[in-house]
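Given next are the chains, with one letter for each unit.
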Amino acid sequence: MALILGSGSPRRRDLLAELGLVADDVRPPDIDETPRKGELPRPYCIRMAREKAEAVTAEAEDVVLSADTTVAIGRRILGKPEDAGEAEAFLRAMSGRRHRVITAVAVRRGTELWERDVITQVKMKRLSEEEIQGYLATGDWQGKAGGYGIQGPAGALIPWISGSFTAVVGLPLAETAQLLAAAGIPVWKGRRS
C-alpha cells in the first residue's frame, strides 16, 4: 500500500511530515478548478478535493490524499490570484474584515472515499498602504488561495483566527489523521519519541 499525495503544495507535504508521514509519491492532478455558476464556497471546495482525489491514478490498494483550500468573503470565492493586481484587490477586500478559510480533504482507497471539510474564521487587520505594498513585494501571495499564506509574512497581518491553523495553511491535521486511519494508514502506530 502506497500513500500518494494528490497535491503539488509544499505546505501540504510539510504538514504531512508533522504527522510523521512521507508520501510514497506526489501526483498533482490536472483538473479544471473553475467554480460553477452560482457555486458557493464550501460546496466548491468539497467538490475540488473530491475531484482531485478521483483524478489521481493509483493502484486499488494505494491511498490517495487530496485537499483544497478556498478563501471566502460571504458567497465570493477568492482563488489563487493571477497577478499582483488581483492579489492587491483580495487584500483590500479582506482588510479589517473577517473571512472564512475552507479546507476540504478527500482520501481515496480503491473505490472508497472519505471526506471532511474544516471552516476557520480569520480576521485580517486593517491594512495600511505600506503593509499592502510591502506584502505584495514579498511575492508570498503567489499560488495561495486568497493571495496570502498565514504561515509566512502575512502572519503579521492576521491578529485572530477561530478554528484550525493547519487548515488555513492547507491541511487540517486532526481531520487528516482520522481520514488516513480510516483508509488503513495509522498515524500514531510505530512512532517513537
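See the structure above.
If you're wondering where the values come from, they're calculated on a predicted model, not measured in any experiment. (Residues numbered from 1 in each chain as written. Predicted model: local features only at pLDDT ≥ 70, side-chain atom pairs only at ≥ 80, totals over all residues. Heavy atoms only, no water.)

Considering the layout of surface pockets
The probe, sized like a water molecule, is rolled over the atoms to show the empty space still left. Stated precisely, the cut-off is as follows: Note on definitions: the grid is 1 Å and covers protein atoms alone; a cavity is a set of points where a 1.4 Å probe fits but cannot get out; a pocket is an open set with protein on both sides within 12 Å along at least five of seven lines; lining residues have an atom within 4 Å of a point. Grid points are joined across faces, edges and corners, and a volume is the space filled by probe spheres set on the points. Where helices and strands are cited, they refer to DSSP runs of H or I of at least four residues and of E of at least two residues respectively, numbered from the N terminus. Note on residue categories: nonpolar means Ala, Val, Leu, Ile, Met, Phe, Trp, Tyr, Cys or Pro, charged means Asp, Glu, Lys or Arg, and polar means any other residue, Gly included.
Here the largest pocket defines a volume of roughly 550 Å³. Lining the largest pocket are 33 residues, and of these R12, T69, K80, G143 and A145 sit closest to its centre. Going through the elements one at a time, α1 (10-18), α2 (41-55), β3 (63-73), β4 (76-78) and α5 (165-169) are the ones with two or more residues in the lining of the largest pocket. By residue number, the principal contributor to the lining of the largest pocket is β3, which donates five residues. Partitioning the lining of the largest pocket into residue classes produces 15 nonpolar, 11 polar and seven charged.

Observations regarding the side chain of S164
What counts, and what does not: For the exposure calls, accessible area comes from a 1.4 Å probe over protein chains only, and a residue counts as buried if that area is under 20% of its type's maximum, exposed if over 50%, partly exposed in between. Two N or O atoms count as a polar contact when they lie within 3.5 Å, although within protein this holds only if one can serve as hydrogen donor and the other as acceptor, and sequence-adjacent residues are included solely when both atoms are side-chain atoms. A contact between two residues is defined here by any heavy atoms of the two lying within 4.5 Å.
Inspection of the secondary structure assignment puts S164 in the loop between β7 (160-162) and α5. Relative accessible area serves as the criterion here: at 18%, S164 is assigned to the buried category. A distance of 3.2 Å separates a polar atom in the side chain of S164 from a polar atom in the side chain of T166. Each residue touching S164, except ones within four places of it in the same chain, is listed here: V118, T120 and P172.

Some details on the nonpolar core
Note the following rule: Nine residue types can take part in a nonpolar core, namely buried Ala, Val, Leu, Ile, Met, Phe, Trp, Tyr and Cys, and a core is a set of them joined through side-chain atoms within 4.5 Å.
Core analysis: the biggest nonpolar cluster contains 45 residues, and V107, Y148 and L180 have the highest contact counts within it. If near-sequence neighbours (up to four positions away) are discounted, L180 is found in contact with L3, L16, L21, V63, V107, I185 and V187. With eight residues, the next largest nonpolar core counts A53, I102, A104 and A106 among its residues.

Quick word on the pairing of β3
A regular strand places its side chains so that they alternate between the two faces of the sheet. For the record, the criterion: Strand pairing requires that DSSP identify at least two bridges connecting the strands.
Across the 11 residues of β3, 11 count as buried, placing the element largely inside the fold. Taking every second residue as pointing to the same face, both faces of β3 are buried, with V63, L65, A67, T69, V71 and I73 on one and V64, S66, D68, T70 and A72 on the other. Of the strand pairs in this sheet, β3 and strand β5 (residues 98-109) are connected by 10 bridges, and their pairing is antiparallel. Bridge pairing links V63 to R109 in β5. As defined by bridge partners, β3 adjoins β4 across three bridges and the pair is classed as antiparallel. Across the sheet, A72 pairs through a bridge with I77, a residue of β4. Connecting the antiparallel pair β3 and β4 is a turn made up of two residues, with G74 showing a positive phi of about 60°.

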